[in-house]
Amino acid sequence: QVQLVESGGGLVQPGGSVRLSCAASRNIFSVYVMGWYRQAPGKQRELVAKITNGGTTTYTDYVKGRFTISRDNAQNTVYLQMNSLKPEDTAVYYCNAQRRVLSQVVSDYWGQGTQVTVSS
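These numbers come from a predicted model, not from an experiment.

Participant: Could you give an account of the nonpolar core, naming the residues involved and the relevant values?
Facilitator: Counting residues in hydrophobic clusters, the biggest one holds 31 residues, and the most contacted among them are L4, M34, W36, L80, M82 and Y93. Of all the secondary structure elements, the ones that give two or more residues to this core are strand 3 (18-24), strand 4 (33-39), strand 5 (46-51), strand 7 (67-72), strand 8 (77-82), strand 9 (91-101) and strand 11 (114-118). If we skip the residues at most four places from it in the chain, L4 touches C22, A23, A24, M34, C95, N96, A97, Y109, W110, G111 and Q112.

Participant: Go over the side chain of S107 with me, naming the residues and quoting the values.
Facilitator: Within the secondary structure layout, S107 lies in strand 10 (residues 104-110). For S107, a relative accessible area of 15% gives the class buried. Of note is the side chain of S107, whose polar atom sits 3.4 Å from the side chain of Y32. Discounting chain neighbours no more than four positions away, the residues touching S107 are Y32, A97, Q98 and R99.

Participant: Summarise unusual backbone geometry; cite the residues concerned and give the values.
Facilitator: Positive phi, normally seen in glycine, also occurs at L102, with a value near 50°. Examined against the element boundaries, L102 turns out to sit in the loop between strand 9 and strand 10. Take L102: its relative accessible area is 79%, and that puts it in the exposed class. Positive phi, close to 70°, is recorded for S103, a residue that is not glycine. With respect to the secondary-structure elements, S103 resides in the loop between strand 9 and strand 10.

Participant: Which residues make up a nonpolar patch on the surface, and what values go with them?
Facilitator: Residues V101, L102 and V106 make up a contiguous nonpolar surface patch of roughly 300 Å² in combined accessible area. Tracing the chain through its elements places V101 in strand 9. A relative accessible area of 38% places V101 in the partly exposed class.

Participant: Describe the side chain of R38, naming the residues involved and giving the relevant values.
Facilitator: Inspection of the secondary structure puts R38 in strand 4. Look at R38 and you get buried, because its relative accessible area is 6%. Within the local environment of R38, its side chain forms a polar contact with the side chain of Y93, the two groups lying 2.9 Å apart.

Participant: So what's going on with the environment of I69? Which residues, and what values?
Facilitator: Looking at the element boundaries, I69 is found in strand 7. Here the alpha-carbon distance between I69 and K50, two residues 19 residues apart in the chain, equals 6.9 Å. Ignoring anything within four residues of it in the chain, the contact list for I69 reads M34, W36, A49, K50, I51, T57, Y59, V78, Y79 and L80.

Participant: If you had to explain the sheet that holds strand 7 to someone new, which residues and values would you point to?
Facilitator: A sheet is described by the order of its strands in space; here four strands give the open sequence 1-3-8-7, paired in antiparallel fashion. In this open sheet, the two edge strands, each paired with only one partner strand, are strand 1 (4-7) and strand 7. Pairs of neighbouring strands in the sheet enclose a mean axial angle of 15°, with direction left out of account. Pairing geometry for strand 7 and strand 8, over six bridges, is antiparallel. Residue pairing in the sheet places F67 in a bridge with M82 of strand 8.

So, how was this worked out
Residues numbered from 1 in each chain as written. Predicted model: local features only at pLDDT ≥ 70, side-chain atom pairs only at ≥ 80, totals over all residues. Heavy atoms only, no water. Core = buried A, V, L, I, M, F, W, Y, C linked by side-chain atoms within 4.5 Å. Buried < 20%, exposed > 50% of the residue type's maximum accessible area, 1.4 Å probe, protein only. Helix = DSSP H or I, 4+ residues; strand = E, 2+ residues; numbered from the N terminus. Contact = heavy atoms within 4.5 Å. Polar contact = N/O pair within 3.5 Å; in protein donor to acceptor, adjacent residues only side chain to side chain. Patch = residues over 30% accessible without salt bridge, like charges linked within 9 Å, V, L, I, M, F, W, Y side chains within 5 Å. Areas by Shrake-Rupley, 256 points an atom, 1.4 Å probe, with all protein chains shown as cover. Salt bridge = Lys/Arg side-chain N within 4 Å of Asp/Glu carboxyl O. Pairing = 2+ DSSP bridges. Axes fitted to C-alpha atoms, helices over the stretch in contact; angles between N-to-C directions.

Right, dumping it as structure tokens:
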């Protein structure tokens, strides 16, 4: 089992920045792909960014150039730095850890979510 605990959400003004953190209960980065997803009211959960066990990062188009995913292996923590925030970034942000073997998902863990509200 893996526990993921997010923190760092809150209320931020448009154009502002916030950093989310996701602490894993044990060292999993060598075999898991870590991702940040978000879910706005009335919408489906969607991928924001992910980082592979090899360190390759992927971003969805609407956050490219504004958000950065990174990790600290020693702290078992993944971060999402969000800059130039827009009201449409308002959502609950979830941390995800996923392990695949031969393209099949064998483990999939989620954090409890942290609310980010972008408003003046």
